[in-house]
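# Descriptive structure summary
As a plain string of letters, each chain reads:
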Amino acid sequence: MAELERKIYESVPGKQVTMAHVISRPDERVKEKLGFKGKNFSAIGIMTITPGEAAIIAVDKAKKAGEVEIGFVDRFSGSVVVLGDVAAVKNSIQAANDFLQSALGFSVAKITMT
């Protein structure tokens, strides 16, 4: 009887932006569910980053790149949310993505939009 070989693959998180997305004209119910009811903005930018501490760097670059408000940042989960007009949010997410890639050697996700 031939001996079977068993292979186990696991994902080891590296330096990466796993998601970079811009939601333009979010529905008021979405704003409410996210805790942003009553705030005046036309776009939400979302990023998830590994390791999570890099979210602090990403939100700093995003804030400095455009007129956006920090909606949320979590250094444990690597989540970043920025709010503003569509152009500012997209530019801010792009600036954060670009910096993480060029200065820190991160693998970054393509920015998507809905």
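Residue positions are given per chain, counting from 1 as you read along its sequence in written order. Thresholds applied to this predicted model are a pLDDT of at least 70 for local features of residues and 80 or more for the giving and counting of side-chain atom pairs; totals over whole chains, interfaces and linings are not thresholded and use all residues. Hydrogen atoms and water are omitted, and side-chain values are computed over all heavy atoms in the structure.

### Section: the pattern of salt bridges
Whenever a carboxyl oxygen of Asp or Glu lies within 4 Å of a side-chain nitrogen of Lys or Arg, that contact is scored as a salt bridge. If you walk through the whole model with that rule in mind, you get four salt bridges. Across the pair Glu69 and Lys39 runs a salt bridge whose closest N-O atoms are separated by 2.7 Å. Of this pair, Glu69 sits in strand β3 (residues 69-74) while Lys39 sits in the loop between α1 (28-33) and β2 (43-50), and the two are 30 residues apart along the sequence. Note on Glu69: relative accessible area 36%, which makes it partly exposed. Between Asp60 and Lys64 there is a salt bridge, and its shortest N-O distance comes to 3.1 Å. Here Lys64 and Asp60 lie together in helix α2 (residues 54-65), a separation of four residues that amounts to about one turn. The buried label goes to any residue with under 20% of its type's maximum accessible area, the exposed label to any with over 50%, and the partly exposed label to all in between, with areas taken from a 1.4 Å probe on protein chains only. Exposure remark for Lys64: the relative accessible area of 65% places this residue in the exposed category. Helix and strand definitions follow DSSP, with helices as H or I runs of at least four residues and strands as E runs of at least two, each counted in order from the N terminus.

### Side note on the UniProt feature "domain: Bacterial microcompartment" (unreviewed entry) in the protein chain
UniProt positions are given in the numbering used here, feature names are shortened, and annotations may be inferred rather than shown by experiment. In this structure's numbering, the residues bearing the UniProt feature "domain: Bacterial microcompartment" (unreviewed entry) are residues 42-114. Across residues 42-114, the secondary structure splits into 42% helix and 32% strand, with the terminal C-alpha atoms separated by 12 Å.

### Remarks on the nonpolar core
Here the nonpolar core consists of buried residues drawn from Ala, Val, Leu, Ile, Met, Phe, Trp, Tyr and Cys, with membership extended through side-chain atoms lying within 4.5 Å. By size, the foremost hydrophobic cluster in this structure holds 22 residues, and its most contacted members are Met47, Ile49, Val80, Val82 and Ile93. When contributions to this core are tallied by element, the ones reaching two or more residues are β1 (16-24), β2, α2, β4 (79-84) and α3 (86-104). The contact criterion used is simple: two residues touch if any of their non-hydrogen atoms lie within 4.5 Å. With residues up to four places along the chain from it excluded, the contact list for Ile49 reads Gln16, Val17, Thr18, Ala54, Ala55, Ala58, Ser77, Gly78, Val80, Leu100 and Phe106.

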